[in-house]
Every structure is written in structure tokens, then in C-alpha cells.
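# Observations on chain architecture
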Amino acid sequence: MKLCDLLGQDVLGNDAAIEPAVAALDVSGIALDSRVVRPGDLFVAIAGSKTDGARFIDAAIAAGAIAVVGDHAPAATKVPFVTVANPRRTLALAAARFFPAQPATIAAVTGTSGKTSVAAFTRQIWERLGYASASIGTIGLVSPKRTVYGSLTTPDPIALHRQIDEIAREGVTHLAFEASSHGLDQYRLDGVRVSAGGFTNLSRDHMDYHPSVAHYLAAKLRLFRELVPPGGAAVISADHDCSAEAIEAAKARGLRVMAVGRNGDGAGEGIRLTEAVVEGFAQKLTLEHRGKRFAIRLPLVGEFQIENALVSAGLAIGTGSDAANVVASLEHLEGAKGRLERVGERNGAPIFVDYAHKPDALAKALQALRPYAKRRLVVVFGAGGDRDAGKRPIMGEIAAENADGVIVTDDNPRSEKPEAIRAAILATAKGAREIGDRSAAIRAAIEQLEEGDALLIAGKGHETGQIVGGEVLPFSDHEAVAAALASRVA
Ligand SMILES: CC(=O)N[C@H]1[C@@H](OP(=O)(O)OP(=O)(O)OC[C@H]2O[C@@H](n3ccc(=O)[nH]c3=O)[C@H](O)[C@@H]2O)O[C@H](CO)[C@@H](O)[C@@H]1O[C@H](C)C(=O)N[C@@H](C)C(=O)N[C@H](CCC(=O)O)C(=O)O
Ligand SMILES: Nc1ncnc2c1ncn2[C@@H]1O[C@H](COP(=O)(O)OP(=O)(O)OP(=O)(O)O)[C@@H](O)[C@H]1O
Ligand SMILES: N[C@H](CCC[C@H](N)C(=O)O)C(=O)O
Ligand SMILES: [Mg+2]
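A brief structural summary. Because the structure is predicted, anything quoted here is derived from the model rather than measured. Counting starts from 1 at the beginning of each chain's written sequence and moves along it residue by residue. Each chain is given a letter, starting from A, and each ligand a number, starting from 1, according to the order in which they appear as written. For a predicted model such as this one, the threshold for reporting local features is a pLDDT of at least 70, and the threshold for listing and counting side-chain atom pairs is 80 or more; totals across whole chains, interfaces and linings nevertheless cover every residue. Neither water nor hydrogens contribute to the side-chain values; these are computed over all heavy atoms in the structure.

### So, the pattern of salt bridges
For clarity, the cut-off: Should a side-chain nitrogen of Lys or Arg be within 4 Å of a carboxyl oxygen of Asp or Glu, the pair is scored as a salt bridge. Each helix is a run of H or I in the DSSP string that is no shorter than four residues. Each strand is a run of E no shorter than two, and both are numbered from the N terminus. Any residue under 20% of the maximum accessible area for its type is buried, any over 50% is exposed, and the rest in between are partly exposed; the area is computed with a 1.4 Å probe on protein chains only.
Counted under the stated rule, the structure contains 25 salt bridges. Between R222 and D190 there is a salt bridge, with the nearest N and O atoms lying 2.6 Å from each other. Residue R222 is located in helix α9 (residues 213-227), and its partner D190 is located in the loop between α8 (181-185) and β10 (196-199); the two are separated by 32 residues in the primary sequence. Comparing R222 with D190, the two get one shared label, buried.

### Observations concerning the site of ligand 3
Counted only if it meets this: For this purpose, a residue is taken to be near a molecule or strand whenever a single non-hydrogen atom of the residue falls within 4 Å of it. In protein, a polar contact requires one atom able to donate a hydrogen and another able to accept it; more generally it is a pair of N or O atoms within 3.5 Å, and residues adjacent in sequence count only if both atoms are side-chain atoms. Residue type decides the class: Asp, Glu, Lys and Arg count as charged, Ala, Val, Leu, Ile, Met, Phe, Trp, Tyr, Cys and Pro as nonpolar, and the leftover types, Gly among them, as polar.
Contacts to ligand 3 come from H206, Y355, H357, G384, R387, D411, N412, R414, G459 and E463. N412 is positioned such that a nitrogen or oxygen atom in its side chain is 3.1 Å from an oxygen atom of ligand 3. In this structure, R414 approaches ligand 3 through a side-chain N or O atom, which is 2.9 Å from an oxygen atom. Classifying every residue of the shell around ligand 3 by side-chain character gives one nonpolar, five polar and four charged.

### Things to note about the coordination of the magnesium ion (ligand 4)
Short version of the rule: Coordinating donors are taken to be N, O and S atoms lying within 2.8 Å of the metal, or within 3.2 Å when the metal is Na, K or Ca; because water is excluded from the atom set, some sites may appear incomplete.
Ligation of the magnesium ion (ligand 4) by protein atoms is provided by T116 (OG1), T138 (OG1) and E178 (OE), these donors lying 2.1 to 2.2 Å from the ion. Look at where the donors of the magnesium ion (ligand 4) fall in the sequence and you get T-x21-T-x39-E. Highlighted residues: T138 in the loop between β6 (133-137) and β7 (140-142) and E178 in strand β9 (residues 174-178), separated in sequence by 40 residues. Residue classification places T138 among the buried residues on the basis of a relative accessible area of 10%.

### Quick word on the pairing of strand β14 (residues 282-289)
Test applied: Any two strands with at least two DSSP bridges between them are considered paired.
When you tally the buried positions in β14, you get seven out of eight residues, the bulk of the element. As defined by bridge partners, strand β13 (residues 271-279) adjoins β14 across seven bridges and the pair is classed as antiparallel. Across the sheet, the residue bridging to A276 is L285, located in β14. With antiparallel pairing between neighbouring strands as the criterion, β13 and β14 make up a hairpin whose turn holds two residues, including G280 at a positive phi of roughly 65°. Following β14, the chain reverses through two residues before pairing antiparallel with strand β15 (residues 292-298); R290 in that reversal takes a positive phi of roughly 50°.

### Remarks on helix α6 (residues 115-128)
Filter applied, for reference: By this rule, a helix spans an expected 1.5 Å times one less than how many residues it contains. The contact criterion used throughout is that any non-hydrogen atoms of two residues lie within 4.5 Å.
Taking 1.5 Å of rise per residue, 14 residues should cover 20 Å, and α6 covers 20 Å from first to last C-alpha, within 8% of that figure. Burial of α6 is extensive: 12 of the 14 residues sit out of reach of the surface. Looking at α6, one finds that the buried residues are K115, T116, S117, V118, A119, A120, F121, T122, R123, Q124, I125 and W126. Of the surrounding elements, those touching the buried residues of α6 are β5 (105-110), β6, β7, β9, α11 (303-318) and α12 (323-329). The first or second residue beyond α6 is G130, which carries a positive phi of 100°.

### Examining the site of ligand 1
Around ligand 1 lies a shell of 24 residues, among which K50, R88, T153, S180 and H206 are the nearest. R35 has a polar side-chain atom sitting 3.2 Å from an oxygen atom of ligand 1. Grouping the constituent residues of the shell around ligand 1 by class yields five nonpolar, 11 polar and eight charged.

### What about the packing of helix α13 (residues 359-369) against helix α14 (residues 391-402)?
The following threshold applies: Here, axes are lines fitted to C-alpha atoms. For helices the fit covers the stretch in contact, and angles between N-to-C directions go from 0 to 180 degrees. What sets the label is the angle itself: under 35 degrees gives roughly parallel, over 145 gives roughly antiparallel, 65 to 115 gives roughly perpendicular, and the rest give oblique. Here a crossing is called left-handed whenever its near helix is offset anticlockwise from the far helix by less than a right angle, and right-handed whenever the offset is clockwise.
Running from amino to carboxyl end, α13 crosses α14 at an angle of 10°, the nearest separation of the two axes being 9 Å. Relative to α14, the element α13 is oriented roughly parallel. The crossing of α13 and α14 is right-handed. Residues P359, L362, A363, L366 and Q367 of α13 form the contact with α14, whose own contacting residues are K391, I394, M395, I398, A399 and N402. A class-by-class count of the residues in the contact of α13 with α14 yields eight nonpolar, two polar and one charged.

### Overview of the sheet that holds β7
Taken in spatial order, the 11 strands line up as β8-β7-β6-β9-β5-β10-β11-β12-β13-β14-β15 in an open sheet, and their pairing is mixed. Strands at the two margins of the open sheet, each flanked by one partner only, are β8 (147-148) and β15. As judged from the five bridges shared by β5 and β9, these two strands associate in the parallel manner. Pairing of A108 across the sheet is with F177, part of β9. Sheet strands in contact with helix α7 (residues 157-169) are β6, β7 and β9, and its direction is about 170° off that of β6. Against the sheet, helix α10 (residues 243-252) makes contact with β10, β11 (233-237) and β12 (256-261), and its axis sits at roughly 175° relative to β11, the strand it touches most.

### A few points about the packing of α14 against helix α15 (residues 418-426)
A packed helix pair is summarised by two numbers, namely the angle formed by the two axes and the spacing between the axes. Remark: α14 packs on α15, axes separated minimally by 7 Å, with the N-to-C direction vectors making an angle of 50°. Classified by the angle between their axes, α14 and α15 sit oblique to one another. Along the contact surface, α14 presents R392, P393 and G396, while α15 presents I421, A424 and I425. Residues belonging to the contact of α14 with α15 are distributed by class as follows: four nonpolar, one polar and one charged.

Next up, the structure:
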């Protein structure tokens, strides 16, 4: 591909120009990490949170880079250097050019909690309606051909556009993916031709990355302010304090706003929840859309799953699927792996694995399980290292307030001392037990279960590893539960 095709004027904007000789260069690849540059690559130097890609320009050239893009040209480079104002956005737009195929219908969902669930539900709805569908997010890439576990919720721009191009070429026509606030803030998904955007909710998360909640929300609203094109659908949960701001942002962009939830626009394009009744491990819902009423049975536990299901339904309807068929498909939804997933029971007490690792999610998960605990509701959880430390005492307090039994254990300590993370939680979790070893904590909780209890194991959900220091040790809550139940039988 010619460099001028990769870095067209629409990519460069008016702030950069390329001489004809440079524009004619043949580029065979694109890289943002010098350690993976191959001969013929374009290297994009990005100033990041840990280091500056500009420090590795010589290494990239030594590895065969034939041109470099960045926001500050070094004194002299052996290959052409193109100076741009926003290397991250240039990288994403160039990646979209390099990997050009995209499904015709793409929905992106953002919000503090519910993104993985919404992406999974939207994929399932489209699949049931007969479309070749895929999702990309925290649980990786799920497509008709394969499931590939990834490391980021929103992959880096090169990985993201490569995956999107690959599934489009395999015939996928509908893609739902998660737009994390990091991903939006770092322009990872710029260049993806998004047909619709979804917004679930906003609460405390990633305060180690965003300097303020306002910065956090502004990152998420980029989806509606800059990425969904005018005329596209904006499906916004209308039941939160920040809903109005999200709706305003969408309206200002000329998007088709579809407000969903108890305050949803049931008379118009939105979906209004008028009644929800828990029935066993399911919920009977009454919904309203364009003035029509629908009664369905949602086979999921937790009021928060209603919000996720309605945002998913809105995304499917907002991208052209028939409303009655979409609403009917909600009766077949399966929860995303590790999201309030019932994984066993002991003495009639149900055991759930959940991914809640932030305050609002932990509260919602415990409140969702309270109706199933006639006797004691027990929770086993911890908190990730190298992540927002401020949430730890908040989660300790939430656990003590919403559960009858609390065991504080390790999650992914990463480079932090596990005992220090646990201590920060224990400081506010009155009456909590401390068992650092996660398997032992799960086993101890299961051994205590009696008729009328319910157990929530929270924080790791689908994860199949425990990050300790720089190592990822094999660990899954699902396997730890199975081992504990098996040892009871023996
Ligand atoms: C804090 C953060 O988000 N960092 C992301 C960011 O890295 P960065 O730009 O800060 O990179 P850096 O380490 O400072 O290096 C700067 C540049 O030098 C380059 N470099 C570096 C070393 C070298 O030898 N040669 C070289 O060229 C790097 O490739 C990079 O381009 O851009 C990278 C490329 O897109 C991401 O891989 C990386 O995610 C890191 C691994 C990460 O852990 N991110 C997490 C926090 C994250 O993004 N989580 C969200 C939210 C999860 C959720 O709640 O849903 C997610 O979307 O997963
Ligand atoms: N709509 C919601 N409102 C509040 N809490 C929710 C909601 N949906 C899910 N949760 C809680 O958050 C946890 C994570 O859900 P999910 O993985 O769908 O969200 P996410 O936004 O993808 O999270 P992450 O940003 O960590 O990837 C769930 O296990 C549940 O405890
Ligand atoms: N159990 C994980 C969940 C967070 C993972 C992801 N949301 C991120 O922030 O990287 C942890 O707390 O370490
Ligand atoms: Mg997710």
C-alpha cells in the first residue's frame, strides 16, 4: 500500500503534508511497538503513560521501518518522518485503511458496567435473527468461527482493525464491541465505522487513569460526540444521573436517541420498562416500544441485566432489526461468562461467579442475589493491584453492608503486595474474614453453606489466570468452585 493511501489527507487532516517522493513509498505493515517492527513497516511513535515511543525510533528503523509518524520530529531520522498533531488518532485511522474490511452493521457500547453483557446479548439477538454476528471485548473475540480470548477490553488500534477486517472477510455482517473509556480516550476505535452507540451507566472506575469523573465521562461521551455518525442510533439507559448529559451529547450530534429503562421513551423509539417481577432465576418483564406493549420472560438473574438487555435490544432495533422479533429473542439470552453465572450449589445454596470488581457492580450483584438468600448471603472478593486503590475501602463497606458473611481474598495483585490490598478492604469491611489464598477462601465459603444461603464469588468472572507480579498463574473461580464441591463429595 502506498504511504499516501495510508496517510490520506483525511487521515492527516490539514496539519500535515507529505512530499510526493515520500507519498509514493510502499508500506507493507504498520506498527506501534518497535519490538515488533518488520521491514517495510510504518512505525507510529506514541508518547504513552509509561514511556515515549519516540525513544524507539532508531530501533524501529534498524528493524526495517521505512517511515515514521509522530508528534515531534527528532533532529534527524534516516527515513522520512511525518509530523501529526494526534499520533494515536492517526494510527487508528491508518490502521482502518490498512485493514479496510468491516461488517456493515457495527454497534459500540460504553459505560462503567454492562459492556461485556451488552456486547454478548446484542450478538446473541442478531444471531437469533439470522445474521452472521460477532462481539469483541473483555471476553475476547466471539465469532461464528472462533472464540479468541484477548488481553484488553478494547484492543489496540492495530489489533482491533485486524480482527474486524478478518471477521468481515469471513462473512460477519454484524459486530457488537466494547468501547472502554481507555479505548475511547486513546482513540483506539477511531476509524471503526460505528452504526450505533450504547450507554449503560457511569459510576466509580479507573480513577487511577482518569484525573476526574468528568474526564471519565467525557471519554465515554466521545462515542456519541465524535464516533457515531449523524443519523446513527444512540441507545442510552435513562435511569441514571448522567443519562441526561449523554442524551444531550447524542442530540447535539444529530443521533437518533433511544432512551431505555424505567424512564425509557416507550411511546417513541425507546423502550420503557413498566414492570419487572422476579420469578425463580428469571424475571417477567413488561415493556413498551412505539406505544406497543410486550410481555417477556428474561432468563437472567439481577435487575441490572434488564438494563443490559434493553440497551442490547435498542442497538438491534436501532440498526434495523424488527422490534417484535428483537424483543422476543430476549427470552433466549444467555449471560456472558462469569457475569452472575450460577456455577453450582451446596446444601441447596446457589453459588454464583461474578465479575464485579468495582463498587457499583459489587453492590448491584449483592442486591441481585439478596432475594435468593433466605438465611445468609456470603461474598468472597478482593481487588486488583495496579488499579484504582480508592475503590478498595468503598467495596469493603459495600460488602459489609450488603452481605451477611464476607471473606476478603486476592484478585490480581499484580505488582502490589497482596496483603496491603486486602488490608485496604478489611479496614472498612466490618466482621470480614481474611483468607489470602483464593482457592482456600472459596473452599471455606462453600464448606459453610447451609440451606437458605447464597454465595457470590466476585471480581474475576471469566478470567482463567491470576496476575501475581509479572506472572499469570493458572486460576479460575469456576475451577476452584468445582474442586471445592468435588472435595465435599469425597
Ligand atoms: C494505561 C493504558 O491504557 N495503556 C495502554 C497504552 O499504552 P501506552 O501508550 O501508555 O504505552 P507505553 O507503555 O507508555 O509505551 C508508549 C509507546 O511506546 C511503545 N514502545 C514501548 C517500548 C518499546 O520497547 N518500544 C516501543 O515502541 C509502545 O508500543 C507504546 O506505543 O496503549 C497501548 C496500545 O494501545 C495499550 O496496550 C496499553 O494498555 C495497557 C497494556 C493496559 O493494561 N491497559 C488497561 C488499563 C486498559 O486499557 N483497560 C481497559 C479497560 C478495561 C475495562 O474496565 O473494561 C481496556 O480497554 O482493556
Ligand atoms: N448494567 C449494570 N449495572 C450495574 N452493574 C452491572 C451492570 N451490568 C453488569 N454489572 C456488574 O458488573 C460486572 C461486570 O459486567 P460486564 O462485564 O457486563 O461489564 P463491563 O462494563 O464489560 O465491565 P468491565 O469494564 O470490567 O469489562 C457484572 O459481573 C455485574 O456484577
Ligand atoms: N479482576 C480484574 C478485573 C479488572 C480487569 C480490567 N477491567 C482492567 O482494569 O484491566 C482486576 O481487578 O484485576
Ligand atoms: Mg467488559
